[in-house]
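# Understanding the architecture of this molecule
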Amino acid sequence: MELGADGVLMNTAIAGATHSVQMATAMKHAVIAGRLAYLAGRIPKKMYASASSPVDGLITQR
């Protein structure tokens, strides 16, 4: 069911676009990007949050 629904949504976007070939190409790239992201793997889960950017050199308000 899910693949069928996804196919209908994909067809609707492509068929309704002003430039359907460009939309189909964009959707193709989106699918490829999603697959590459999945294969790259997620970052490890952490028990507690931590800043992902350094805080050194930031201007703070006092």
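The structure reproduced in this document is the subject of the present report. What you see is a predicted model; the values in this text were computed from it and never measured.

### Focus: the environment of Ala-26
Along the chain, the position of Ala-26 falls in helix α2 (residues 20-40). Given the relative accessible area of 41%, Ala-26 is considered partly exposed. Remark: the alpha-carbon pair of Ala-26 and Ile-14, spanning 12 residues in sequence, is separated by 9.5 Å.

### A closer look at α2
Across its 21 residues, α2 extends 30 Å between first and last C-alpha, which sits within 8% of the 30 Å expected from 1.5 Å per residue. Note on α2: the residue one or two positions beyond its end, Gly-41, has a positive phi of about 90°.

So, how was this worked out
Residues numbered from 1 in each chain as written. Predicted model: local features only at pLDDT ≥ 70, side-chain atom pairs only at ≥ 80, totals over all residues. Heavy atoms only, no water. Helix = DSSP H or I, 4+ residues; strand = E, 2+ residues; numbered from the N terminus. Buried < 20%, exposed > 50% of the residue type's maximum accessible area, 1.4 Å probe, protein only. Expected span 1.5 Å × (residues − 1).

Purely spatial values, then, with no claim about function.
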